[in-house]
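# Tertiary structure, described
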Amino acid sequence: MIKLTIDGKQLEVFEDTSILKAAEKAGIWIPTMCHCDYIEPYGVCRLCSVEVVKGKRSRIVTACNYPVREGLTVRTNSERVKWIRKIIMELMLSRWPNVPAVKEMAEQLGISKPRFESKEKDEAEDACILCGMCVNVCNDLVGKGVLGFSKMGIEREVVLPYNERSEECIACGACAYVCPTKHIKVKSLEYERGAIQDWSLASKTAIYVPTMQAVPRVPTIDEASCINKQTGGCKACQTYCEPGAINYDMKDEEIEVEVGQILITTGYQLMDLTKMPQFGYGRLDNVYSSLDFEHMLNSTGPTNGTIQCKDGSVPRAVGIIHCIGSRDENYHKYCSRVCCMYALKFAHLIKDRTTAEVYQFYIDMRAFGKGYEEFYKRLLDEGVNMIRGKVGEVTECRVDGEKPFLKVACEDTLIGKFREIPLDMVILCPAIESNADSSDLKKIFSISQSPDKFFLERHPKLDPMSTMTDGIFIAGCAQGPKDIPDSVAQASGAAAKILSLISVGEVAVDPIKAEIVEERCSGCRICNNLCPYGAISYIDEKKISFINDMLCKGCGTCVAACPSSVITGKGFTDAQIMAEIEGLLAI
Amino acid sequence: MAYRTYLMVCAGTGCVANNSMKIKEKLEDELLKRGIHNEVSVVTTGCNGFCAAGPLMVVQPDGVFYQLLKESDIPLLVEEHFIKGRPVKKLMYTPPKEKSSIPKMSDIPFFANQTLIALKNRGLIDPEKIDEYIARGGYEALAKVLTTMTSEEVIKEIKDSGLRGRGGGGFPTGIKWETCKRMEADTRYVICNADEGDPGAFMDRSIIESDPHAVLEGMCIGAFAIGASDGYIYIRNEYPIALQRLQVAIKQAREYGLLGKNIFGTDFSFDVRIVRGAGAFVCGESTALMASIEGKPGEPRAKYVHTVEKGLHDKPTCLNNVETWANVAQIITRGASWFSSIGTGDVSEDAWGGSKGTKVFSLSGKVNNTGLIEVPMGISLRQIIYDIGGGIKDGKKFKAVQTGGPSGGFIPESLLDLPVDYEELTRVGSMMGSGGMVVTDEDNCMVEMAKYFLSFTQAESCGKCIPCREGTKRMLDILEKITTGEGTEEDLVLLEELSYMVVDSSLCALGGSAPNPVLTTLKYFRDEYETHVRDKKCPAHCCKALIKYSIDPNICVEKGHGCGVCSKSCPDGAIIGESKQVHYIDLMKCGKCGICYDSCKFNAIYIE
Ligand SMILES: Cc1cc2nc3c(=O)[nH]c(=O)nc-3n(C[C@H](O)[C@H](O)[C@H](O)COP(=O)(O)O)c2cc1C
Ligand code: SF4
Ligand code: FES
């Protein structure tokens, strides 16, 4: 620790602390325009200039990067310092008169009108003020070095190499985050091209609390977007986590658990809306999927729950289009079952939170559940416009002098007319689909899928939560589209089934099983894939096939197929059957 | 083989540009033709400094100096001088306003008043032959250092000599070495700064072109003193000849074992690499230079932690200028007391107490003899300009001399007896700098000059910090206003205030010194500024917007009889008048090029 004096105040700090930090400790404010805690001080705005006094002589240094030494005397507010800051602010104001950050600082320092006239004046509110923070954060913190300066002197500008989109950019957004004027904006290329579905309306950080309801409510690091995982740099969260809880070396683990029964509740995915380009999703502003809209409605969401267009304005009219990809010969023939009702909920909330007109474009209203029809009636009373008919396309229209709006072209089958409705926002209700990887699960569990790719139940009426494989149960949208009450009911039923087996403690199985004579099995594996119950596996060490008694249903497929005739049914050996036949014939 | 005569043909950049290589070939041809090629040898040398007289040649051993040679002069020259023994007077140097020529180089005032240390071998050796350097005592100092001295002794010798940085700052070299040596580190570097970005300056280029080994030897000694084993020479790519000579010199030194492992059989190893710079002025600044060597953008950083502590690759680094390095070997050979006997002040107590040795200047502007000169510290500006420079061209009146490169200040006539000394020059608002010296006369407008130099530094500002980037541009805008007649008195106040602020708060010395030309002209020539803003006139008739060409009708008809030469030469067709009648200038059309002014034989045209 060393002693120094700032503006007459004595204080003790560690050697090599910057004057800025030392002053902060002493509660003295020094203006800065190019400093941020994440990066080494750059020292270019010179606004933090202070006077360092040595004997009779004093000199001007920048507080952000001047390391303090024993006995230093600093003046942060002398006439000379004020004069320097004043001219710096005048220079900045004359060049960037409308940037809020500059204006605020000038105001704070009591400077109103600059005495200079700048030929390079940039009137934009989000002009780049060349503080260099983005460049430094990208180089030093992120370790990517995508941003840099080009040209010299007054022509200096921040650029990407060759002014092209850089392949090196990992779109971490650090530059946009530190930019004091919001000059840098992050654009999601993927979203722009519509290649992947972007379910969020706003970017989230690489370390985040999954949801407000998450248990335990601790942050998690998203490996795909964590800068440290990609470049080894950054580590900002580690620097700032006081308890030191951040551990970058933690790895995803695979855990093996032995269980007797499994309930598959893998849920569903929403159809990729970019497959139906006529609706403009990912292409036109203000066309959202229902999930995007839920996100927007959420009070912890990107807009804190207010319904607004991309430009921040409140929509004047909103359209909700049902059955996108459902009940459609080209996509899914089935009904997704939930859309009608959530679409009504949306309409209700839009009516509740805005003054917008709401249009529902539907094929049939399927308000089949308890209280659903009543809700539908209520909405009709609330004045929601119901248009029965399929929507042809959504387009963007521009009328001179007005902001662009969306136009929905549809056939209104109730009045038998083709209609075009102007809207500010369109919400699409995409079909519910079985997960893309459900075929893999199907193989793993030896269960079946119906033609619509949802898992097949043992019996649609009598046993809708069991599968053909004992001990494997299904519930919720893994089995087929359904709403929350139905999913809960089905899952509860499945759980009861599972519990009833557990409480017994043992399972009774049919005695009729197939059996392999180990010594004579040639290990040809023909039977392995034939077994509809996945009961036969191959033992590598012994090079023979093996039948799991618990899974075998004694159907006899393998018995018939075995080329060496080494599989027999227990109690149904060839000899026994022959004897029975003989017995019959003897009668 | 020994020759009776050596013809030292200058092959410095200036003379090469004026065709000296052709002269050399022609000489060789002619000697061969006359059959005396075994008696007379042609040698190419580095720059002699008197570039205005190029292509030039010195005949040794008798020291006859020939200048402004043309290929067609060669047969006569060979015939007369080298066969008949009659030196050719018309090819010799004749001082301005005098009749008789001066045959001997050493008698020509330009050379006679110089003291050569850094340039001691200029014009005397072939820079591409290490043997010639060694023959003139080269690498003796290195041998002495490596075999008989400790690094502390070397540092002490340099400290005692009072040698200070010749690159601009004038930092005492010995102290720099000592601090660098004191830092704890496994690696240290020495660097030679050959960036030389000042427009019109060519001291460093000349030293390298005429004596590259002097620089290498100095660096070697420095490396031994601070304990470095790697050295860099940062040289701008626009110096192809210097670059090539350095490459040759490094190769030869390596072959002779003077660079590389175990030099002179000791366990000291040292090697040098050349780094080529793209020629930005700011890259001459120490931290920018190091960043550039590291492959980063050439931008300065704050030097609150000095480069001797954390320089190249964050290791202690000793950076010196070419000329500084070129002085080192001779200090070692001839001793610190010899060196410190030249110059001003006393450095035995305070390293900043005086300026010792010599300084190379590139003398340009309105003097008769422009070129490169090496003068002892303490010589007065008057001596330089009038004795060496031969006074002001065309008998005009001296106005000011600017020293120290583009960011140096202007020194007025009243201070002409100022000795050349770091502190003295700084005291009057200028600086030693790297050795630029531009002389101006009554025809130069000081506002215009300040604007000219500021426009250079403004364009070369790296743009990193606000005061320099924005401030110098605004200063330039104000100067532009003043020179176009739109300036106000408030502008002068603002200009001065801004200048002081840029000096005070810029990040590096580029911004810190860029306003010097403005500040000194404001100080010494304020009346000129005031005439510009108050009367909207340019006293030196330089600022185009503020002058007006007119024809004196009386002279025009009486003396010139309306000859009409002016109207024929006017590119804008702005001069009207019948033959034998008075001519007039149509001010609406006049582009103020001044061609008519020069073309009128009767001086009927005058500037208002
Ligand atoms: C803008 C700027 C340009 C400079 N250019 C040069 C240069 O071209 N050559 C040089 O030797 N020093 C130059 N310097 C000075 C160097 O920063 C440094 O002081 C010098 O190389 C140190 O060597 P010395 O102590 O031998 O003078 C420059 C300084 C500044 C601020
Ligand atoms: S003073 Fe000029 S050259 Fe130096 S860092 Fe600032 S902008 Fe760059
Ligand atoms: S904050 Fe120190 S220079 Fe900008």
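Up top is the structure.
Summarised in this report is the structure supplied together with it. Note that the structure is predicted; figures quoted are calculated from it, not measured.

### Structural notes on the interface of chain B and chain A
- Every contact between the two is made by 29 residues of chain B and, on the other side, 35 residues of chain A.
- Of all residues in chain B, B:Tyr304, B:Ile466 and B:Arg474 give up the largest surface area on contact with chain A, accounting jointly for 25% of the area buried on that side.
- At the boundary of chain B and chain A, one finds seven salt bridges.
- With a closest N to O distance of 3.0 Å, A:Arg115 and B:Glu497 form a salt bridge.
- Our count for the chain B to chain A interface comes out at 16 residue pairs in polar contact (both at pLDDT 80 or more).
- When residues of the side of chain B that touches chain A are traced back to their parent elements, those giving at least two are helix H17 (446–460), helix H18 (466–483) and helix H19 (489–505) of chain B.
- Per element, the largest residue contribution to the side of chain B that touches chain A is eight residues, and it comes from H18(B).
- Of the residues assigned to the side of chain B that touches chain A, the class counts are 13 nonpolar, six polar and 10 charged.

### A look at the side chain of B:Ser550
All names here are of chain B.
- For serine 550, the position within the fold is in strand E14 (residues 549–551).
- Serine 550 sits in the buried class, given a relative accessible area of 13%.
- A distance of 2.7 Å separates a polar atom in the side chain of serine 550 from a polar atom in the side chain of glutamate 608.

### Quick word on the environment of B:Ile158
Residues and elements named next belong to chain B.
- The topology assignment puts isoleucine 158 in helix H7 (residues 151–161).
- Accessibility expressed as a relative area gives 0% for isoleucine 158, which makes it buried.
- Residues isoleucine 158 and threonine 173, 15 residues apart in the sequence, show an inter-C-alpha distance of 7.1 Å.
- For isoleucine 158, the contacting residues outside a window of four places in its chain are Leu163, Thr173, Gly174, Trp177, Val328, Ile331 and Ile332.

### Thoughts on unusual backbone geometry
Residue and element names in this part refer to chain B.
- Cis geometry marks the peptide bond from glycine 54 to proline 55, where omega comes out at -5°.
- Tracing the sequence through the fold places proline 55 in the loop between strand E2 (40–45) and strand E3 (57–60).
- The amide bond that connects glutamine 60 to the next residue, proline 61, takes the cis arrangement and shows omega of 10°.
- Turning to its location among the elements, proline 61 is positioned in the loop between E3 and strand E4 (64–66).
- You will see that lysine 580, though not glycine, has its phi angle at about 70°, which is positive.

### A look at the site of ligand 2
- The environment of ligand 2 is formed by 13 residues, the closest being B:Cys462, B:Lys464, B:Cys465, B:Cys468 and B:Cys508.
- Residues that form the shell around ligand 2 fall into these classes: eight nonpolar, four polar and one charged.

Quick notes on the rules
Residues numbered from 1 in each chain as written. Chains lettered and ligands numbered in written order. Predicted model: local features only at pLDDT ≥ 70, side-chain atom pairs only at ≥ 80, totals over all residues. Heavy atoms only, no water. Contact = heavy atoms within 4.5 Å. Buried area = accessible area lost by both parts, 1.4 Å probe. Salt bridge = Lys/Arg side-chain N within 4 Å of Asp/Glu carboxyl O. Polar contact = N/O pair within 3.5 Å; in protein donor to acceptor, adjacent residues only side chain to side chain. Helix = DSSP H or I, 4+ residues; strand = E, 2+ residues; numbered from the N terminus. Nonpolar A, V, L, I, M, F, W, Y, C, P; charged D, E, K, R; others polar. Buried < 20%, exposed > 50% of the residue type's maximum accessible area, 1.4 Å probe, protein only. Near = heavy atom within 4 Å.

All quantities given are derived from atomic positions and should not be read as evidence of function.
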